[in-house]
Each structure stands twice: as C-alpha cells, then as structure tokens.
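Notes for the structure review
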Amino acid sequence: MSTIVRLEDIYKIYGSGETEVQALAGVNLTVESGEFCSIMGASGSGKSTMMNIIGCLDKPTSGRYYLDNVDVSNLDDKALAHVRNRKLGFVFQQFHLLPQLSALENVMLPLVYANVAERERRDRAVEALTQVGLAHRLHNRPNQLSGGQQQRVAIARAIVGHPVLLLADEPTGALDSRTTTEILNIFAELNTTGMTVVMVTHEPDVARFTRRIIWFKDGRVMNQNLAPEELGHLMTAA
C-alpha cells in the first residue's frame, strides 16, 4: 500500500503581530492508498484549513506536504493548478454546476482543461455518470435535477479525471437524511473500487460511514486513528 498524503510538521499562520492566527500547529499526518477517512473537529479547529492544504488550494507557512510521493509544498500557483487537475477530485457542500450545461457537459468540463480528446471526454463522462446512477439523466440541466442528483453529478465530475485522491468538504450539508445516506453510499462504493477518499464533516453520523476518523482541535491532530465506534465517547467528552 502506497502513501497518498504525507504531511510533515505543517504550520499555517494567517496575519502577523497582534492579528496573527495559527490555524495549524505542527500537523503530521498520513493517508494511505485506498483509505476512506474523515476529518472532524469543532469550528475553528483547523479542519477546513487542513483540507485546503491537502487539496492544493492553499500552501503551508512551513512544513512539507507530499502528494502521491511528490513534494508540492512550494509549487507556484500554475503548478498547483496542474496538480489539482491531474491528481485530485473535489466535492463540496454546494454543487457548483454550470446551469447552462447538461449533466454530461458539466462532467466533461475538467477533461477539456486536461486536453483530453472529445470522444474520450464523452465516453469517460458517461462512464462516471453511470457509476453514480445517472445514466438516464445525461442531458438534464441542473435545474431539472434534485439536490441529490446534482451532488451525484458533482461526484461524477470529481472522479472523471481518475484522481489519486477524492476530497469531500461537507458533501451532505445541503441534503436531507435519506439523500445523505445515498450520497455516502456512493462514496463507500467508490472506495471499494480502490479510490482514496478524505471527507471533512462536523456530523458524527456522516463520519461513521468512514473507516478512520482524524480529530482536530486547536490546529493540531488530537487523534488520527479514531474508530467510528469510539466517536460517541469523544463527542460526549467534548
């Protein structure tokens, strides 16, 4: 099993002097290929900052971040954009679909930026939408889809580039409980195919779908091997 994410002594500081805020304070963390884990913690614990760094949306103030065995800590913005497009898939609470495009066209879009040939773009987008159960909705626009269906399109868009890591930031925050379960089952199914999934959530019931929970507090990892069945005790103690 290879290591997909390796964080070494990561600090993230915003501002300076009296306005300085230390969002991350010496984080050391690894995620292995094929894992399905979640990042939890109270508001202000550093979990969202951590996700931004793992997703190459932000850079650490100090420390080293190795993604798929490549040090991406100090890459410039252009290089980071290339890494995001080739190695990462993102799913957010809001779906961020382009309203004028069909589901198929929305999913094809990342492959346009990756310079994939048109026929292959279409074939891979159809495959991804089929994988999330939307083979019958290829030509519907977002306003013709339910919230759960729109999130399925967003997941298909995230996996169409065959990323080494799928990142989900509060992916069920805008969904009802039944649809939440459906979406989480999709993540679980993707994980069974070998996809590495890291999810940020503040909801214990969502975190329990994952195999390992990483608990943040005050910018530090307090526990990175928390089993889902241990979460109830920790939440009570907090």
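Everything below is about the structure shown above.
Here the residue numbers are simple positions, counted from 1 along each chain's written sequence. With the structure being a predicted model, the display of local features is reserved for residues of pLDDT at least 70 and the display and counting of side-chain atom pairs for 80 or more, all residues being used for whole-chain, interface and lining totals. Only hydrogens and water are set aside; all other atoms, that is, all heavy atoms of the structure, feed into the side-chain values.

1. Some words on the overall build of the protein
To be explicit about the condition: Strands are runs of DSSP state E lasting at least two residues, helices are runs of H or I lasting at least four, and both sets are numbered from the N terminus onward. Restricting the calculation to C-alpha atoms gives the radius of gyration, and the globule rule supplies 2.2 Å times the number of residues raised to the power 0.38. Any pair of residues with heavy atoms lying within 4.5 Å of one another is described as a contacting pair. Accessible surface is estimated by sampling points in the Shrake-Rupley manner with a 1.4 Å probe; for residues, cover comes only from the protein chains shown. When charges are tallied, Lys and Arg are placed among the positive residues and Asp and Glu among the negative ones, while His and the ends of the chain are skipped. The atom standing in for a charge is NZ when the residue is Lys, CZ when it is Arg, CG when it is Asp and CD when it is Glu.
Counting its regular elements, the protein contains eight helices and 10 strands. Relative to a compact globule of 238 residues, whose C-alpha radius of gyration would be 18 Å, the protein shows 18 Å and is just as compact. Principal-axis analysis of the C-alpha atoms places the extent of the protein at approximately 50 × 40 × 40 Å. A separation of at least 24 residues holds for 69% of the contacts in the protein among residues at least 6 apart in sequence. For the protein, the exposed area adds up to about 11,500 Å²; of that, 47% sits on carbon and sulfur atoms. For the protein, the separation between the mean place of its 23 positive charges and that of its 26 negative charges on side chains is 5 Å.

2. Re the pattern of salt bridges
Note the cut-off: A carboxyl oxygen of Asp or Glu within 4 Å of a side-chain nitrogen of Lys or Arg is what we treat as a salt bridge. Type-normalised accessible area, obtained with a 1.4 Å probe on protein chains alone, sets the label of each residue: buried when under 20%, exposed when over 50%, and partly exposed for intermediate values.
Scanning all chains against the criterion turns up 10 salt bridges. A salt bridge links aspartate 123 to arginine 119, with the shortest nitrogen-to-oxygen separation between them at 3.5 Å. With aspartate 123 and arginine 119 both in helix α4 (residues 118–131), this residue pair falls four residues apart, about one helical turn. Classification of aspartate 123 as partly exposed rests on a relative accessible area of 41%. Connected through salt bridges with shared partners, the residues Arg152, Arg178 and Glu182 form a single ionic network.

3. A short note on the sheet that holds strand β9 (residues 212–217)
Rules: Paired strands are those between which DSSP finds at least two bridges. Only the contacting stretch of a helix is used when fitting its axis, a line to C-alpha atoms as for every element, and angles between N-to-C directions run 0 to 180 degrees.
Pairing within the open sheet is mixed, and its six strands lie in the order β6-β7-β8-β3-β9-β10. Because the sheet does not close on itself, it has two edges, and the strands there are β6 (88–92) and β10 (220–226). Neighbour to neighbour, the strand axes of the sheet diverge by 20° on average, direction disregarded. Taken together, the four bridges between β9 and β10 define a ladder with antiparallel strand orientation. Its bridge partner lying in β10, isoleucine 213 is registered against leucine 226. Against the sheet, helix α5 (residues 147–159) makes contact with β6 and β7 (165–169), and its axis sits at roughly 165° relative to β6, the strand it touches most.

4. Description of the nonpolar core
Side chains that are nonpolar tend, in soluble globular proteins, to be buried together. The line we're drawing: Nonpolar cores were defined as sets of buried Ala, Val, Leu, Ile, Met, Phe, Trp, Tyr and Cys residues, with membership established by side-chain atoms within 4.5 Å.
Counting 37 residues, the largest nonpolar core has Val107, Leu129, Val153, Ile155, Leu166 and Phe187 as the members making the most contacts within it. Within the residue set of this core, elements represented by two or more residues are α3 (103–113), α4, α5, β7, α6 (177–192) and β8 (197–200). At six residues, the largest contribution of residues to this core is made by α5. Not counting residues within four places of it along the chain, the set of residues in contact with valine 107 comprises Ala125, Ala128, Leu129, Val153, Ala156, Arg157 and Val160. Judged by nonpolar contacts, the second largest core, of 28 residues, contains Leu29, Cys37, Leu80 and Val83.

5. Observations regarding α3
Here α3 has its buried residues at Ala103, Leu104, Asn106, Val107, Met108 and Leu111. Where the residues of α3 are buried, they touch α4 and α5. Where α3 ends, the next residue or the one after it, asparagine 115, has phi of about 60°, a positive value.

6. Digging into the pairing of strand β3 (residues 36–40)
Of all five residues in β3, five are buried; the element is thus mostly enclosed. What you see with β3 is no split at all: Phe36, Ser38 and Met40 on one side and Cys37 and Ile39 on the other are buried throughout. Both β3 and β8 contribute to a ladder of four bridges, which runs parallel. Residue pairing for β8: serine 38 is matched across the bridge by methionine 199. Pairing analysis gives four bridges linking β3 to β9, with the strands arranged parallel.

7. Side note on the packing of aromatic side chains
Filter applied, for reference: Two rings from Phe, Tyr or Trp (for Trp, the six-membered ring) form a pair when their centres are within 6.5 Å of each other. A pair whose planes differ by under 30 degrees is stacked, one over 60 is edge-to-face, and the rest are tilted. Charge-over-ring contacts are defined here by two conditions on Lys NZ or Arg CZ: a distance within 6 Å of the ring centre and an angle within 35 degrees of the ring normal.
Inspection of the entire model under this criterion finds one aromatic pair. Judged by centre distance (5.9 Å) and plane angle (5°), the ring pair of phenylalanine 90 and phenylalanine 92 falls under stacked. When the ring centre of tyrosine 66 is taken as origin, the NZ or CZ atom of arginine 6, which lies over that ring, is 4.1 Å away.

8. Some details on unusual backbone geometry
With a phi close to 60°, cysteine 56 is a non-glycine residue in the positive phi region. The residue glutamate 170 is not glycine, and still its phi comes out positive at about 45°. When you line up the elements, glutamate 170 lands in the loop between β7 and α6.

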